[in-house]
Amino acid sequence: MFQKVTMKQILLITDGCSNKGSDPVQAAVYARKQGIAVNVIGIVDGGDLRSAGRQEVEAIAEHGGGMSRIVAAKQLAMTMHMMTQHTMQMTIQQVVNRELKQLVGTDSEGLPPEKRGEVAELVDRMSDEAALHLVLAVDTSASMHDKLPTVREAIRDLQIGLDVRKGMHQVALLTFPGAHGEDVQVISEFSHAPDLSGLSNSLRAGGGTPTGPAIERATQLLIAGSHTPSRPVQKHDEHDGDMSAYVV
Amino acid sequence: MSSDLLFRPGQTVTGLWHKRRYTVEGLLGRGANGEVYRVTDSSGQTLALKAAPLSSGLALEHKILKRLSEVARGADLGPRVFDLDDVQVGGQKQFFLVMELVRGTTLPAFLDRRGRHWTPVLLLQLCTYLERLHETGNAFGDLKAENCLVEEARGAVRLVDFGGVTPFGRGVKEYTEWYDRAWWGRGSRMAEEDYDVFALAMLAIALLAPDLRKALTESGVPNGSRLRQAVSSDARLADWRGLLQGVFDGRVRTISAFRQELLPLVKAGVRLEQKEKVRRKPRDWTDWLVVGSGLVLMLVFCQFVLFR
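This one's a predicted model, so the numbers in the text were calculated from it and none came from an experiment.

The next point concerns the overall build of chain B. Within chain B one finds eight helices and 11 strands. Here chain B, with 308 residues, has 47% of them falling under the buried criterion. In chain B, the share of contacts with a sequence separation of at least 24, taken over all contacts with a separation of at least 6, comes to 57%. Here chain B has roughly 15,300 Å² of accessible surface; of this, 55% comes from carbon and sulfur atoms.

Turning next to helix α4 (residues 116-129) of chain A. Between the first and last C-alpha of α4 of chain A there are 20 Å, a value that for 14 residues agrees with the 20 Å anticipated at 1.5 Å per step. In terms of burial, α4 of chain A is largely enclosed, as 11 of its 14 residues are buried. Residues R116, G117, V119, A120, L122, V123, D124, M126, S127, D128 and E129 of chain A constitute the buried set of α4 of chain A. Against β1 (6-14), α3 (76-104) and β4 (131-139) of chain A together with α1 (55-71), β5 (81-89) and β6 (92-100) of chain B lie the buried residues of α4 of chain A.

Before going further, it helps to spend a moment on the pattern of salt bridges. All names here are of chain B. Under the defined criterion, the tally for this structure stands at 36 salt bridges over all chains. The partner of R253 in a salt bridge is D194, with the nearest N and O atoms 2.7 Å apart. In this pair, R253 sits in the loop between α7 (241-249) and α8 (255-306) while D194 sits in helix α4 (residues 193-208), placing the two residues 59 residues apart along the sequence.

Often, the extent of an interface is quoted as the loss of accessible area on bringing the components together. Every contact between the two is made by 32 residues of chain B and, on the other side, 31 residues of chain A. With both sides pooled, the region where chain B packs onto chain A buries about 2,700 Å², and carbon together with sulfur makes up 54% of that total. The residue K63 of chain B makes a salt bridge to E118 of chain A at a minimum N-O spacing of 3.4 Å. One can count nine residue pairs in polar contact (both at pLDDT 80 or more) joining chain B with chain A. Looking at the side of chain B that touches chain A, the elements with two or more residues in it are α1, β5 and β6 of chain B.

With that settled, the discussion passes to the sheet that holds β4 of chain A. Residue and element names in this part refer to chain A. Taken together, the six strands give an open sheet; going across it, the order is β3-β2-β1-β4-β5-β6, and neighbouring strands pair in mixed fashion. If you trace the sheet from one side to the other, it starts and ends with β3 (68-71) and β6 (185-191), each paired once. Pairs of neighbouring strands in the sheet enclose a mean axial angle of 15 degrees, with direction left out of account. As defined by bridge partners, strand β2 (residues 36-43) adjoins β3 across four bridges and the pair is classed as parallel. Residue pairing for β3: I43 is matched across the bridge by V71.

By size, the foremost hydrophobic cluster in this structure holds 67 residues, and its most contacted members are I205 and F258 of chain B. Per-element tally for this core: the top contributor is α4 of chain B, with 12 residues. Among the domains, domain 1 (12-100) and domain 2 (105-268) of chain B are the pair contributing at least three residues each to this core. Every residue in contact with F258 of chain B, bar those within four places of it in the chain, is listed here: C127, V197, L200, A201, L243, V247 and V252 of chain B. Judged by nonpolar contacts, the second largest core, of 41 residues, contains I92, V95, V151 and A154 of chain A.

This part is about the environment of A204 of chain B. Tracing the backbone shows A204 of chain B in helix α4. Judged by relative accessible area, A204 of chain B falls into the buried class, the value being 0%.

Next up on the list: the sheet that holds strand β10 (residues 156-159) of chain B. Residues and elements named next belong to chain B. One open sheet holds the three strands; their spatial order is β7-β9-β10, and the pairing between them is antiparallel. Edge strands, defined here as strands with exactly one partner in the open sheet, are β7 (105-106) and β10. Relative to β10, strand β9 (residues 148-151) is paired through four bridges, and the arrangement is antiparallel. Opposite C148, over in β10, you have L159 as the bridge partner.

Residue and element names in this part refer to chain B. Applying the stated rule across the entire model yields seven aromatic pairs over all chains. Ring centres of W183 and W184 lie 5.1 Å apart, and the angle between their planes is 85 degrees; this geometry places the pair in the edge-to-face category. The class of W184 is buried, set by a relative accessible area of 6%. On the numbers, 5.7 Å between centres and 50 degrees between planes, the contact of F198 with F248 is tilted. Taken together, the residues span a long stretch of sequence, with F198 in helix α4 and F248 in helix α7 at a distance of 50 residues. By relative accessible area, which is 6% here, F248 ends up buried. The ring centre of Y175 lies 3.8 Å from the NZ or CZ of R189, which sits over that ring.

All right, on to α7 of chain B then. Within α7 of chain B, the full set of buried residues consists of L243, L244, G246, V247 and F248 of chain B. Positioned one or two residues after α7 of chain B, G250 of chain B has a phi angle of 85 degrees, which is positive.

Reading the values: the criteria
Residues numbered from 1 in each chain as written. Chains lettered and ligands numbered in written order. Predicted model: local features only at pLDDT ≥ 70, side-chain atom pairs only at ≥ 80, totals over all residues. Heavy atoms only, no water. Helix = DSSP H or I, 4+ residues; strand = E, 2+ residues; numbered from the N terminus. Buried < 20%, exposed > 50% of the residue type's maximum accessible area, 1.4 Å probe, protein only. Contact = heavy atoms within 4.5 Å. Areas by Shrake-Rupley, 256 points an atom, 1.4 Å probe, with all protein chains shown as cover. Expected span 1.5 Å × (residues − 1). Salt bridge = Lys/Arg side-chain N within 4 Å of Asp/Glu carboxyl O. Buried area = accessible area lost by both parts, 1.4 Å probe. Polar contact = N/O pair within 3.5 Å; in protein donor to acceptor, adjacent residues only side chain to side chain. Pairing = 2+ DSSP bridges. Axes fitted to C-alpha atoms, helices over the stretch in contact; angles between N-to-C directions. Core = buried A, V, L, I, M, F, W, Y, C linked by side-chain atoms within 4.5 Å. Domains from an automatic or database assignment. Phe/Tyr/Trp six-rings, centres within 6.5 Å; stacked < 30°, edge-to-face > 60°. Lys NZ or Arg CZ within 6 Å of the ring centre and 35° of its normal.

Rendered as structure tokens:
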């Protein structure tokens, strides 16, 4: 049963407050209802991430059931790795908790602390093996200009981390605003290794920050994407079988 | 996410399950995955308490530390663990792990005082720890100078943060760019024996030529060719060239191979230390002679001035 779990995440990278289009917090609420976790990273050096921006970053993540972090550009790669990892675990933990509740009438936290190690190991393993659909939404408004090489490097680094997972992953990349003045542009559809070349070409001076539309578009991509066959291409090791056999 | 700390100094933390009480003395550090405090238990023993908003990471760390204490065979592989429990903080459950508080000096500070020739000796100890850890089917993952402390009196290294320990064949949980072979484009981020071997080599470079790390990572983009260049030309790495190049070329892939290459350096280091000791002794004595004679001269001078 866990093989059928597809973890759906949006990771939003921004350095400013939204100022165009729909409300990003409402968009995050909707995404969450669709079983999607919305993580947000606010970049602080340069840009205009003042307290309004910070509050928005926190609010989007809170309503989107994800995490938020405000970091310097050079911490971006680490933060993306940590967030994606954490969120995968949280998603699986919820699935496992539901199973546990049915089987033993309590979730993991209801077990004595020293018994949780087994469950944690299971969760760890499941989140490594389950499929991941991730949409990266990158703010490409004017102030992000000189940070885009760092963002590209960080995405490449995230890719390195995802490549060693046993489960499959599909990553799509969109920018907001798009290269031709549109609110959102999908520069790489779901693929095992997204094409990052569009990330520098999609630059333009000025333009607003349509964060809400970006989250909406990412949500659409994930809903559509989950209809494509998502069974992981398993790299079988000797004890890979039906994962439901691992439950308690 | 709030940036407030979970606990304040003086606060009492009482476990919901085991009811043990800890008094918070101060913050030792905070990272992406939690906060570590110095605490005392009811018997007055000083301990380290790691607190996190998620139970799974701590539960795994607890499990691995327990397992390590079984295989350590007398080596102080990991900190001893004492408690794993939950606590209610402001309407929310938080989770904590109580461990031995490892005291010691950071590696750079230790080497500054005792000399760089101690580097191979410290790495040799790490080899032993890593070997024991690998026997359990795990890689250390986040091996770095900041995760090691030296007990000055014995010159013994201790590893402190086991949050990055990852079963072989899985993606490394926590890593630091400088030590990460994948970041340098020299392999995957898979937990394997040679992942830790690479980190050991990078640790050697960081300890022997501390400024290199800053110079080579400044741009935020790894520069593998400059790294190789530094290894082949930096005078401080001269004796280590064979070992380091062996790791980069994939000739040295296991801890035991690393140890083999390290042994001549350890011997050279020990010889140097003995020489230093011999040299230090008479100098201490002559130092006193200089100070003493200086004092006598000054007294004579004072007398001369006062009783003229």
